[in-house]
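So the chains spell out like this:
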Amino acid sequence: MESLHLLSELPKVDLHVHLDGCIKPATLLKLADQQGLPLPSYEATDLLPYVQVGEECTNLTEYLTKFDFVLPYLQTKESLEQVAFEVVEQAAEQRIKYIEVRFAPQLHRSGGLSAADAIYHVIEGLKLGEARFGVKARAIAICMRNHSAETNLEVIEAAFHYIGHGLVAVDLAGDETTYPAARFREVFARARELGIPVTIHAGEAAGPDNIEEAVLRLGARRIGHGVRLKENSDVLNMIKEQRIPLELCPTSNIQTKAVLGWEEYPIREYYDQGIVFTVNTDNPGVSGTDITNEYRVIAEKFGFTLREITKLILNGVEASFLESHEKAALKSEFEAILIKLGVYDAPDALS
């Protein structure tokens, strides 16, 4: 196998990362102290089992308990700004040049914030991180599957005011099995009316019919996860032909049992079939991973070469929800770095 030492040097993007899945135990200690809230322990190492899972995780339900634990500490404007700032800081450590951070505004309101307030303060934290670390950072607002249409429409309306001002898209997340995508046509029809780009969690805990619904009825321009796409060849062909990018999150997909094991993980199959996908972290804190590790895993388990990984990274640039001029500038920046590292040929040098 070729040397993978260059992985850490490659410029990267992360298009699928949850704000509340990035909390470090040390930050939790700080937030609890600031807010006068109790913790089961006041030693950072003791808190690790409360915020992180391992590969012994049995299912998505167990995985999600980690979010229930951290959420009470993320109900103030200061906490949202702090955690958003730290997401960008962690991204910079991995040479991520662009990141899209998603969160559900309605889950941060028990301290009196509105949905719009929550969006504003996350964006403020991302901007502070962008200024400090030079990582371009944007937000995605999540609608929750277990929330009412009225509650989710409130997110859409709030998100609209921040499009072009730090927010780039809306998403749908939560219990995919109990709440199939078809229930949310009204909510995402409004997003389309307002011209807000859409990505949808689909084909993770439920089948490819949810992917089809997300694209054809909800207007998804990307699919969160989509690992179960291969179960329906018609839907697979549609995704391939329309070049709808999948946001794959390898470590998370294994931990939540969206796929039963690495031998079942379809990433090489999708690559060889020409399906466009990106590689992402999902929840670095919960999964105990980072973007460099995600690429290392697919190199070691599926034989992805540095050149193939470079293509996946550029897929991420292309699939981003940035404005076209920003995307073009980012692509040029990436190509210059990749050419210098010797893992990419200048376009005019290609035969």
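Keep in mind it's a predicted model, so treat the numbers as computed, not measured.

Draft legend 1. Broad picture of the overall build of the protein. If you tally the helices and strands in the protein, you get 15 helices and eight strands. Relative to a compact globule of 351 residues, whose C-alpha radius of gyration would be 20 Å, the protein shows 19 Å and is just as compact. Along the first, second and third principal axes, the C-alpha set of the protein runs to 60 × 45 × 40 Å. Counting the 351 residues in the protein, one finds 57% classified as buried.

Draft legend 2. Representation of the side chain of His16 within the structure. The topology assignment puts His16 in strand β1 (residues 12-18). With a relative accessible area of 0%, His16 lands in the buried category. At 3.4 Å, the side chain of His16 forms a polar contact with the side chain of His18. Within the local environment of His16, its side chain forms a polar contact with the side chain of Arg102, the two groups lying 3.4 Å apart. Among all residues touching His16, those that are not within four sequence positions of it are Glu100, Arg102, His201, Gly224, His225, Glu247, Cys249, Asn280, Thr281 and Asp282.

Draft legend 3. Molecular detail of unusual backbone geometry. Phi angles above zero are rare outside glycine, and His225 is one such case at about 80°. Mapped onto the secondary structure, His225 falls in strand β6 (residues 222-225). For Asp282, which is not glycine, the phi torsion reads 70° and is therefore positive.

Draft legend 4. Summary view of empty space enclosed by the protein. Scanning the entire structure with this criterion turns up one cavity of 30 Å³ or more. Taken together, Asp20, Gly21, Cys22, Ile23, Val51, Lys66, Val70, Gly285 and Val286 form the lining of the largest cavity. A class-by-class count of the residues in the lining of the largest cavity yields five nonpolar, two polar and two charged.

Draft legend 5. Quick peek at the pattern of salt bridges. One pass over the structure, following the stated rule, counts 18 salt bridges. Note that Arg190 is salt-bridged to Glu193, the shortest N-O span being 2.7 Å. You can see Arg190 and its partner Glu193 sitting in helix α7 (residues 185-193), three residues apart, about one turn around the helix. In this structure, Lys230 engages Glu269 in a salt bridge whose closest nitrogen and oxygen atoms are separated by 3.9 Å. With a gap of 39 residues between them, Lys230 in the loop between β6 and α9 (233-242) and Glu269 in helix α11 (residues 267-272) connect regions that are remote in the sequence. Accessibility expressed as a relative area gives 34% for Lys230, which makes it partly exposed. A relative accessible area of 33% places Glu269 in the partly exposed class. One salt-bridge network, held together by shared partners, links Glu100, Arg102, Asp171, Arg222 and Glu247.

Cut-off values and rules
- Residues numbered from 1 in each chain as written.
- Predicted model: local features only at pLDDT ≥ 70, side-chain atom pairs only at ≥ 80, totals over all residues.
- Heavy atoms only, no water.
- Helix = DSSP H or I, 4+ residues; strand = E, 2+ residues; numbered from the N terminus.
- Rg over C-alpha atoms; globule rule 2.2 N^0.38 Å.
- Buried < 20%, exposed > 50% of the residue type's maximum accessible area, 1.4 Å probe, protein only.
- Polar contact = N/O pair within 3.5 Å; in protein donor to acceptor, adjacent residues only side chain to side chain.
- Contact = heavy atoms within 4.5 Å.
- 1 Å grid on protein atoms, 1.4 Å probe; cavity = no way out; pocket = protein on both sides within 12 Å on 5 of 7 lines; lining within 4 Å.
- Points joined across faces, edges and corners; volume = space filled by probe spheres on them.
- Nonpolar A, V, L, I, M, F, W, Y, C, P; charged D, E, K, R; others polar.
- Salt bridge = Lys/Arg side-chain N within 4 Å of Asp/Glu carboxyl O.

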